[in-house]
Amino acid sequence: HRRRELSMRFGLAFGANTDVVEVVRLAKIDADTNEEIKTAIERYEMDLDSVLKGYEKLAKDSQKGAMEGGFDPEKIEAALKPLTDAAKQIREINRAAVKRVAGLIADEQKRAAFELEVKRIEFPRIYREAHVQKSLAAALKLTDLDESQKSQLTSVKDQYERDAASVNEQWAKALEDKEEKAGGRIKMLMNMWQPEGEGESETAKAKKARNELDENVAKRLESILKEEQRAQLPQKRPEKGGNMWGGGMFEDFGWEFGGEEEK
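Residues numbered from 1 in each chain as written. Predicted model: local features only at pLDDT ≥ 70, side-chain atom pairs only at ≥ 80, totals over all residues. Heavy atoms only, no water.

Engineer: So what's going on with the environment of N168? Which residues, and what values?
Structural biologist: Tracing the sequence through the fold places N168 in helix 8 (residues 147-182). When its relative accessible area of 7% is taken as the criterion, N168 is described as buried. N168 sits 39 residues away from K207 along the chain, and the two C-alpha atoms are 8.5 Å apart. Among all residues touching N168, those that are not within four sequence positions of it are I126, Y127 and R210. A distance of 2.9 Å separates polar atoms of two side chains, one belonging to N168 and the other to R210. (Helix = DSSP H or I, 4+ residues; strand = E, 2+ residues; numbered from the N terminus. Buried < 20%, exposed > 50% of the residue type's maximum accessible area, 1.4 Å probe, protein only. Contact = heavy atoms within 4.5 Å. Polar contact = N/O pair within 3.5 Å; in protein donor to acceptor, adjacent residues only side chain to side chain.)

Here it is as structure tokens:
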């Protein structure tokens, strides 16, 4: 447990920091009462731990090699490549375990909750609960809605969830493709301030599509509610930002260095 906690804190590949044991806990899957899931988790722990032992040594060796002789991007990249390759191996072990466990969860709602937790860990910026989702949930709890408002809000919520699922999947794929094309997360980070050429990147397009979806649904929500009802919705706070460590790419990776999170 301690090795997973320390070694997987800063994943060097999307999916490399997904502790399936923790996901089972977060999704409230009772592995102790399901022998098949319990066995799958035990197998996962053993498979992963053997890799993490080597990963710890690689991390120390790579850090030492990258820092020797001053700042040399090519040398740093070469020194960290074995660590990136190991992170991809960890990702494959995680995703194989996710698929195995998901297939053993009979309850459809619990299986969906489990799969959502995986996505939130792999791509926290994409799959965290959006402000418009919180607003829709709050609106549906208002006690002074008429039947027409209830019907419209339910329809908007259902449609948003379908549309967001598609847009989010495209955004996640764009991020993972970007990481792969860069040659790993370290190289991706080293290139983050370099121009990407003409036109918008696929990640920028996907993010824009999601922002437009959220904005359009927020406007639709406002049009359904009365002024006094809108005043009861949660207030939107700024996303993380304000410095190079808050928000942006670091948040895509699930790496948090400060800043205020949207509530």
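Engineer: Break down a negative patch on the surface for me, with residues and values.
Structural biologist: A cluster of acidic residues, D144, D146, E227 and E228, forms a negative patch on the protein surface. Tracing the chain through its elements places D146 in the loop between helix 7 (131-140) and helix 8. The partly exposed category is assigned to D146, whose relative accessible area is 38%. (Patch = residues over 30% accessible without salt bridge, like charges linked within 9 Å, V, L, I, M, F, W, Y side chains within 5 Å. Areas by Shrake-Rupley, 256 points an atom, 1.4 Å probe, with all protein chains shown as cover. Salt bridge = Lys/Arg side-chain N within 4 Å of Asp/Glu carboxyl O. Lys, Arg positive; Asp, Glu negative; His and termini not counted. Charge placed at Lys NZ, Arg CZ, Asp CG, Glu CD.)

Engineer: Help me get a handle on the pattern of salt bridges, residues and values and all.
Structural biologist: All chains considered together, the criterion is met by 20 salt bridges. The salt bridge partner of K53 is D49, with a shortest N-O separation of 3.9 Å. Here K53 and its partner D49 are both found in helix 3 (residues 35-67), four residues apart, which amounts to about one turn of the helix. In this structure K53 comes out as partly exposed when scored by relative accessible area, which is 48%. Taking relative accessible area as the criterion, D49 reaches 23% and is therefore assigned partly exposed. Of the charged contacts in the structure, one is a salt bridge between R120 and E117, with a shortest N-O distance of 3.9 Å.

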